[in-house]
Amino acid sequence: MGFNKRYLDKEKIISAFQQEGSKGVTDLYKADAIMQPADSPVCHYIEKIMSKDESLGYKQHLIETYMTQLLEGLYPFK
């Protein structure tokens, strides 16, 4: 079995959310290593959610809330 590395940026996260909702975003994080830009608040916030010691359902709820508010313009879109 190989080493699964995934490169993520805000566009990939937003696209996954728009296509499959929070499940699409959590599926992106099913990799051995995640590479993402250091200057992206979207990536940073999702990474913080995914690193929490909580259930997958709770993480998906947090992602759903954040992404919905982000797309509605309540957070800066950097």
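Below is a short write-up of the structure. From a predicted model like this one, the values you see are computed outputs, not experimental measurements. (Residues numbered from 1 in each chain as written. Predicted model: local features only at pLDDT ≥ 70, side-chain atom pairs only at ≥ 80, totals over all residues. Heavy atoms only, no water.)

## Thoughts on the packing of helix α1 (residues 10-20) against helix α4 (residues 56-71)
Packed helices, taken two at a time, are described by their axes: the angle between them and the distance between them.
Here is step 1 of the chain: The contact between α1 and α4 brings their axes to 11 Å, and the two run at 105°. If you check the angle between α1 and α4, you find them roughly perpendicular. Residues I13, I14, F17 and Q18 of α1 form the contact with α4, whose own contacting residues are I63, E64, M67, T68, L70 and L71.
Here is step 2 of the chain: Taken together, the residues that form the contact of α1 with α4 break down as 7 nonpolar, 2 polar and 1 charged. (Axes fitted to C-alpha atoms, helices over the stretch in contact; angles between N-to-C directions. Helix = DSSP H or I, 4+ residues; strand = E, 2+ residues; numbered from the N terminus. Parallel < 35°, antiparallel > 145°, perpendicular 65-115°, else oblique. Contact = heavy atoms within 4.5 Å. Nonpolar A, V, L, I, M, F, W, Y, C, P; charged D, E, K, R; others polar.)

## A closer look at helix α3 (residues 41-50)
Here is step 1 of the chain: Taken together, the buried positions of α3 are occupied by V42, C43, I46, I49 and M50. All buried residues of α3 fall inside an arc of 125° around its axis, so they share one side.
Here is step 2 of the chain: Buried residues belonging to α3 abut α1, α2 (22-28) and α4. (Buried < 20%, exposed > 50% of the residue type's maximum accessible area, 1.4 Å probe, protein only. Arc of directions from axis to C-beta.)

## Comments concerning the packing of α3 against α4
Here is step 1 of the chain: Look at α3 against α4: their axes get within 9 Å of each other, and the N-to-C directions meet at 160°. The pairing of α3 with α4 is recorded here as roughly antiparallel in orientation. In terms of crossing hand, the pair formed by α3 and α4 is right-handed. When α3 is examined against α4, the residues P41, V42, Y45, I46, I49 and M50 are found in contact with a partner set consisting of K59, L62, I63, Y66, M67 and L70.
Here is step 2 of the chain: Looking at the contact of α3 with α4 residue by residue, the classes come out as 11 nonpolar, no polar and 1 charged. (Left-handed = near helix turned anticlockwise from the far one by under 90°.)

## Some details on the environment of M67
Here is step 1 of the chain: Residue placement: M67 occurs in helix α4.
Here is step 2 of the chain: Along the chain, M67 and D32 lie 35 residues apart, while their C-alpha atoms are 24 Å from each other.
Here is step 3 of the chain: Beyond its immediate stretch of four places on either side in the chain, M67 contacts I13, I14, F17 and I46.

## Observations concerning the side chain of S22
Here is step 1 of the chain: If you trace the backbone, S22 turns up in helix α2.
Here is step 2 of the chain: The class of S22 is buried, set by a relative accessible area of 10%.
Here is step 3 of the chain: At a separation of 3.5 Å, a polar atom in the side chain of S22 contacts the side chain of E64.
Here is step 4 of the chain: In contact with S22, not counting residues within four places along its chain, are F17, Q60, I63 and E64. (Polar contact = N/O pair within 3.5 Å; in protein donor to acceptor, adjacent residues only side chain to side chain.)

## Comments concerning α4
Here is step 1 of the chain: With 16 residues, α4 extends 22 Å from end C-alpha to end C-alpha; this agrees with the ideal 22 Å at 1.5 Å per step.
Here is step 2 of the chain: Among all positions of α4, only K59, Q60, I63, Y66, M67 and L70 are buried. Along the axis of α4, the buried positions cluster into a sector of 135°, meaning they face one direction only.
Here is step 3 of the chain: Turning to α4, the residues buried within the fold contact α1, α2 and α3.
Here is step 4 of the chain: One or two positions beyond α4, positive phi appears at G73, with a value near 95°. (Expected span 1.5 Å × (residues − 1).)

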